[in-house]
Structure formats: structure tokens, C-alpha cells
Amino acid sequence: MRWVSLLGAIGVLGSVHGAGTPVVIWHGMGDSCCRPTSMGRIQELIENGTQPGTYVHSLMIGDNTLDDTINTFLKPVNEQVQEVCDYVAQDPALADGYHAIGFSQGGQFLRAVAQRCPSPPIKNLVTLGAQHQGVYGFPRCPGESVELCNLMRELLNYGAYTDLVQDILVQAQYWHDPLHFETYVEKSQFIGEINNEGPVKNLTYAENMAKLEKFVLIKFAEDRTVEPVESQFFEFYQPGSEYDILPLRESPIYTEDRVGLKALDLAGKLEFLTIEGSDHMQIPTQWFMDNVVANFLQ
Ligand SMILES: *[C@@H]1O[C@H](CO)[C@@H](O)[C@H](O)[C@H]1NC(C)=O
Ligand SMILES: *[C@@H]1O[C@H](CO)[C@@H](O)[C@H](O)[C@H]1NC(C)=O
């Protein structure tokens, strides 16, 4: 009996200290770290589907959940990314590396963390419904943030690439206008930079990305919130067209390996998953547990 309970105690300690790889979550636009119907639930699903005691941290940008939500529209992306880089560097629970999972715009923001801040390392990076090539249209806005959405639309209409709007609006910083390609390359404060579109390429970006163990891209097949849907797989309109999508493996971001996609692909570390029949952020629970948590967050 004494042995059994002793082994039990060791087991519990083991599961705390030897628990699975920690997981960091970054929420999307108009959302916050911890709403029970949104990221709170996702966090619980990940906790339920990983080894007992696995550390799961849902990022809050700012001092409280209201700030966190407003910041999804108004805190410059590069500052948000730096804030997360600082956080991951100082949380001792992440020191040996972590898995990262980003939802919608949180997906491309976490990719920026992987490109700019390789220490501690991200092991598996999973993005669901991210806009890796930016967006050229917001047909709909996710719930609960109607006023912020309207403000966003007005600012984008005023001029996504004006300095004023670039400086204040998150969504302008990943606005990708294929009809004004050169302006986009020159002015985009975030997505153009992180996708290495400028004349001088930052080779560190591809090097850091190639260190991932897996990069998993998940697309909502029936996404009606962001355009084009293909951005979730790094595909986008050909410059000069707002209809024709350039296949990934013919796109300069891939052929020139500007962000490590080709290296990852050739090493069998790039995965593409599609959630058929799903609109933006409609994630079937069992599908998520089987295909994401069990496969990539252990
Ligand atoms: C997580 O597991 C607990 C215990 O089995 C369960 O009560 C809870 O509903 C699960 N959470 C989610 C979000 O499914
Ligand atoms: C490239 O990116 C890294 C990581 O963000 C940065 O430290 C470095 O200064 C950049 N190099 C150039 C030439 O911009």
C-alpha cells in the first residue's frame, strides 16, 4: 500500500514536471485571451487533450480583457509581436520551447514571433484561418465588436496605405492590395515586411522558420469573413489581378524561400489541413481534438 501511494505521488509529480510541451495561444480580431465561449474554451480543450499538467497560456495583449480586445484593432502589430517576444523570453515555463497556436490574425502574428524571436524555440506552429498573405477585403467582421469594425472600415476606406492609417490600424498593417502592389510593398508596416517583400531580404526570417518541427496551416473552406480564403495557405492574387490566385509553389514567397516555406516543405514539415464546410473560426470540436491537439500539441 505504501508503495502504491508512493508511486501514485511520483506519478503526479512526474506529470507536473514532465508534463507535455507547453502551448501558447494567440486569439483573433475582436476577441480576447479568455472569453469562456472562445479562447477560454479552446484552452480547456487543449488542456483536456494533452498530458495532465501541460502548461497552456492564452496571450493577453494589454492589462485587461477590454484592452486586449481593443488592441486587436489599434495596437501596432510590430509592438504586439515584440510584447509577445518579451513575454516568451521571460516565462520560465517556456524556456525549453513551446508549441504555438494562432487563430485568425493571431496566426500571422505568431508566425512573426517565430521569424523574429527564435528563443525560446517554437516547436510546432499551428495557424487556423490566418491571413498569411494579408487581406484584400473584410466582407464580414467577427461578432461583438461592431463599433470597432465600423471604425476599421472607415479607416481602410480613407486609405489603408496612408501613413496615418498605417500607424494606427492593425488591419491596415496586413492590408494587401494587389492592384497597388508597389505601394503595398513600400508602405505595409507588417505583412509586407514579415513576408520579405522589400528589395532587401532578411535571410534570418527563413532560417528561423526552418527551425520549426512542424508548420501546420489550417483553412476554413467556406470562410466568408476575410478575402481571399487562400491567404490561409499563403496564396494570394497575382499582382495586378483581383481574381487570379497564384498557386503557392509558383509564388515568389515560396520559390525564393523568403520565409522558410520551401525548406519546411521539402523536409516534410509543412502541413495543409482544410476544414470542409466551415466558415471563419467555426471549429468542429472533435475534429480539433483529433487533428490538431492529438497530432500537433502533444
Ligand atoms: C474538459 O474535461 C472536463 C472533464 O472531463 C469536462 O468537464 C469539460 O467539459 C471539458 N472541457 C471542454 C471544453 O470540453
Ligand atoms: C532581420 O530580422 C532579425 C529578426 O527580427 C533582426 O534582428 C535583424 O535586424 C533583421 N535584419 C535586417 C537586415 O533587417
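Basis of the calculations
- Residues numbered from 1 in each chain as written.
- Chains lettered and ligands numbered in written order.
- Predicted model: local features only at pLDDT ≥ 70, side-chain atom pairs only at ≥ 80, totals over all residues.
- Heavy atoms only, no water.
- UniProt positions renumbered as here; feature names shortened; annotations may be inferred.
- Core = buried A, V, L, I, M, F, W, Y, C linked by side-chain atoms within 4.5 Å.
- Buried < 20%, exposed > 50% of the residue type's maximum accessible area, 1.4 Å probe, protein only.
- Helix = DSSP H or I, 4+ residues; strand = E, 2+ residues; numbered from the N terminus.
- Contact = heavy atoms within 4.5 Å.
- Salt bridge = Lys/Arg side-chain N within 4 Å of Asp/Glu carboxyl O.
- Axes fitted to C-alpha atoms, helices over the stretch in contact; angles between N-to-C directions.
- Parallel < 35°, antiparallel > 145°, perpendicular 65-115°, else oblique.
- Left-handed = near helix turned anticlockwise from the far one by under 90°.
- Nonpolar A, V, L, I, M, F, W, Y, C, P; charged D, E, K, R; others polar.
- Near = heavy atom within 4 Å.
- Polar contact = N/O pair within 3.5 Å; in protein donor to acceptor, adjacent residues only side chain to side chain.
- Expected span 1.5 Å × (residues − 1).
- Arc of directions from axis to C-beta.

As recorded in an unreviewed UniProt entry, the protein chain goes by the name Palmitoyl-protein thioesterase 1, listed as coming from Tigriopus californicus. Turning to the protein chain, the UniProt record has this under Sequence similarities (unreviewed entry): "Belongs to the palmitoyl-protein thioesterase family."

I would appreciate a short explanation of the nonpolar core in the present structure.
Nonpolar side chains in soluble globular proteins generally cluster together in the buried interior. Counting residues in each nonpolar core, the largest one holds 60 residues, and the members touching the most others are Val113 and Phe215. At 6 residues, the largest contribution of residues to this core is made by helix H4 (residues 77-90). Ile46, Leu128, Val216 and Ile283 belong to the second largest nonpolar core, which has 23 residues in total.

Whenever I open this one, the environment of lysine 75 confuses me. Can you help?
By the element assignment, lysine 75 lies in the loop between helix H3 (65-74) and H4. Remark: the alpha-carbon pair of lysine 75 and aspartate 63, spanning 12 residues in sequence, is separated by 13 Å. Sequence-distant contacts of lysine 75, defined by excluding residues within four places in its chain, comprise Ile61, Gln80, Glu83 and Val170.

I keep staring at the pattern of salt bridges and nothing clicks. Help me out?
Side-chain pairing between opposite charges can occur once the charged atoms of the two side chains come close. All told, the structure shown has 10 salt bridges when counted by the stated rule. Here arginine 258 makes a salt bridge to glutamate 197, at a shortest N to O gap of 2.9 Å. Of this pair, arginine 258 sits in the loop between helix H12 (252-255) and helix H13 (261-266) while glutamate 197 sits in the loop between helix H10 (191-194) and helix H11 (203-209), and the two are 61 residues apart along the sequence. With respect to class, arginine 258 is no different from glutamate 197; both count as buried. For glutamate 271, the salt bridge goes to lysine 214, with nearest N and O atoms at 2.8 Å. Taken together, the positions of glutamate 271 in strand E8 (residues 270-275) and lysine 214 in strand E5 (residues 214-220) put the pair 57 residues apart, joining distant regions of the chain. Through salt bridges with shared partners, a single network forms among Arg140, Arg224 and Asp279.

I keep staring at unusual backbone geometry and nothing clicks. Help me out?
Leave glycine aside and you will find that most residues have negative phi; peptide bonds, for their part, are mostly trans. The linkage connecting serine 119 with the following residue, proline 120, adopts the cis geometry, with an omega of 0 degrees. Mapped onto the elements of the fold, proline 120 is located in the loop between helix H5 (105-116) and strand E4 (122-128). Following glutamate 227, the chain continues into proline 228 via a peptide bond in cis, with omega recorded as -10 degrees. In this structure, proline 228 sits in the loop between E5 and strand E6 (236-237).

Explain the packing of helix H2 (residues 39-49) against helix H14 (residues 285-296) to me, please; I cannot follow it from the model alone.
For any two helices packed against each other, the geometry is given by the interaxial angle and the distance between the axes. With their axes 11 Å apart at the nearest point, H2 and H14 run at an angle of 55 degrees to one another. What the angle tells us is that H2 and H14 run oblique. For H2 against H14, the interelement crossing comes out right-handed. In this structure, H2 uses Arg41, Ile42, Leu45, Ile46, Asn48 and Gly49 to contact H14, whose residues at the interface are Thr285, Phe288, Met289 and Val293. For the contact of H2 with H14, the residue count by class is 6 nonpolar, 3 polar and 1 charged.

Sorry, what's going on with the side chain of threonine 127 here?
Within the element layout of this structure, threonine 127 appears in strand E4. For threonine 127, a relative accessible area of 0% puts it in the buried group. Ignoring sequence-local partners within four residues, the contact set of threonine 127 consists of Gly102, Gly107, His132, Phe215, Val216, Leu217 and Ile218.

Could you clarify how one ought to interpret the site of ligand 2 in this entry?
All residues adjacent to ligand 2 are Arg116, Asn202, Thr204 and Tyr205. For ligand 2, an oxygen atom lies 2.3 Å from a polar atom in the side chain of asparagine 202. Counted by class, the shell around ligand 2 contains 1 nonpolar, 2 polar and 1 charged residues.

What should I look at first to understand helix H6 (residues 146-159) in this one?
Counting along an α-helix, one turn takes 3.6 residues, and residues three or four places apart therefore face a common direction. Between its first and last C-alpha, H6 extends 20 Å over 14 residues, near the 20 Å set by a 1.5 Å rise per residue. Burial in H6 covers these residues: Leu148, Cys149, Met152, Leu155, Leu156 and Gly159. End-on view of H6: buried residues confined to an arc of 125 degrees, all on one side of the axis. For H6, the exposed residues set more than 90 degrees away from the buried face come down to Val146, Glu147, Glu154, Asn157 and Tyr158. The secondary structure elements touched by the buried residues of H6 are H3, helix H7 (163-168) and helix H8 (170-173).

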